[in-house]
Amino acid sequence: MNNLKAFEEIIGYKFNNRDLLKTALTHSSYANENRGKNVLFNERLEFLGDSVLSLIVSNYLFENYRDLPEGDLTKVRATIVCERSLWACATNIEMGNYLILGKGEELTGGRTRASILADAYEALIAAIYLDGGIDVVREWLLGQIYETILDAVKGKTVTDYKTALQEKVQIGGAVDIHYEVVGESGPDHRKSFLVNVLINGKLMGQGEGKSKKNAEQMAAQAAFAKLGDNCGQ
């Protein structure tokens, strides 16, 4: 419970029912390894949180950007609620440090895996919604993603990291960028792919996604962040 209290301090919200927070942070891998204990995990909360997130973002864009046509509103919303944006939000609140994972997931880097963090962030949204109501979660969430919304409306958010990475590394001349699938997991209807990106044969990033293309984008984003401003030097 001390870890939950510490996480509450980070996110700036104190739960009335702390069990909701515990469930939001619990991954299915932990429940699978403790099947006899009837452990609740966050997939149902994730389902609800996805809808709450979409509603709050949609309403905010509708009310505050009255000049944007439907097509632009849809594109902006998609940028805000995508896995990469949610992963960034989860990272900002150090969510990975507080996840409750199975031993196998822990050993394979689950605390930094984008899909796990993004799903847990949606579950957290649902937990706050159930605990405090729509007005409370709206205020909390908009405080979390306000800068993301501004960037998305201005078109500043990078959505194609593969192209961005290509452009970045080619500043210093021709390079070889290669993506390789190094792992697959999950059932066919919920498959997850793990991809490495190598630049001139050197591993520069790893990403996971629900499709090979998404995993490549996540790997490219990791490499893009790792390179910083030193590319081509």
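In what follows, the accompanying structure is described.

Quick look at the overall build of the protein
Inference 1: Scanning the protein from terminus to terminus reveals 11 helices and three strands.
Inference 2: Secondary structure of the protein in N-to-C order comes out as α-α-α-α-α-α-α-α-α-α-β-β-β-α.
Inference 3: Taken against the 2.2 N^0.38 rule, which gives 17 Å for 233 residues, the C-alpha radius of gyration of the protein at 19 Å falls within 12% of a compact globule.
Inference 4: Taken over the C-alpha atoms alone, the protein extends approximately 55 × 50 × 35 Å along its principal axes.
Inference 5: Per-residue burial for the protein yields a buried fraction of 44% across its 233 residues.
Inference 6: Nonlocal contacts in the protein, meaning residues at least 24 apart in sequence, comprise 54% of its contacts between residues at least 6 apart.
Inference 7: Carbon and sulfur atoms make up 49% of the accessible area of the protein, which totals about 12,800 Å².
Inference 8: Within the protein, one finds 26 positive and 31 negative side-chain charges whose respective centroids are separated by 3 Å.

Focus on the packing of helix H4 (residues 43-64) against helix H8 (residues 114-132)
When two helices pack together, their arrangement is given by the angle between the helix axes and by the axis-to-axis distance.
Inference 1: The contact between H4 and H8 brings their axes to 7 Å, and the two run at 80°. With respect to H8, the element H4 is oriented roughly perpendicular. Seen from H4, the contacting residues are Leu45, Glu46, Leu48, Gly49, Asp50, Val52 and Leu53; seen from H8, they are Asp119, Glu122, Ala123, Ile125, Ala126, Ala127, Tyr129 and Leu130.
Inference 2: Among the residues making up the contact of H4 with H8, the classes are represented as 10 nonpolar, one polar and four charged.

The rules behind these values
In every chain, residue numbers begin from 1 and rise along the written sequence. Note on the predicted model: pLDDT of at least 70 is required for a residue's local features to be given, and 80 or more for side-chain atom pairs to be given and counted; whole-chain, interface and lining totals, by contrast, use all residues. For side-chain calculations, the full set of non-hydrogen atoms in the structure is used, while hydrogens and water are omitted. Segments assigned H or I by DSSP are reported as helices when at least four residues long, segments assigned E as strands when at least two residues long, and all are numbered from the N terminus. Only the C-alpha atoms count toward the radius of gyration. The rule for a globule is 2.2 Å times the residue count to the power 0.38. Each residue's exposure class comes from its accessible area (1.4 Å probe, protein chains only) as a fraction of the maximum for that residue type: buried when under 20%, exposed when over 50%, partly exposed otherwise. Contact criterion: two residues are considered in contact whenever any of their non-hydrogen atoms come within 4.5 Å of each other. Only the protein chains shown count as cover for residues, with accessible areas throughout obtained via the Shrake-Rupley method and a probe of 1.4 Å. Asp and Glu count as negative and Lys and Arg as positive, but His and the ends of the chain are not part of the count. Taken as the charge centre is NZ of Lys, CZ of Arg, CG of Asp or CD of Glu, depending on the residue. In this description, a line fitted to the C-alpha atoms serves as the axis of each element, helices being fitted only across the stretch in contact, and the angle between N-to-C directions of two axes falls anywhere from 0 to 180 degrees. Roughly parallel covers angles under 35 degrees, roughly antiparallel covers those over 145, roughly perpendicular covers 65 to 115, and oblique covers all other angles. In this classification, the charged set is Asp, Glu, Lys and Arg, the nonpolar set is Ala, Val, Leu, Ile, Met, Phe, Trp, Tyr, Cys and Pro, and all remaining amino acids, among them Gly, are polar.

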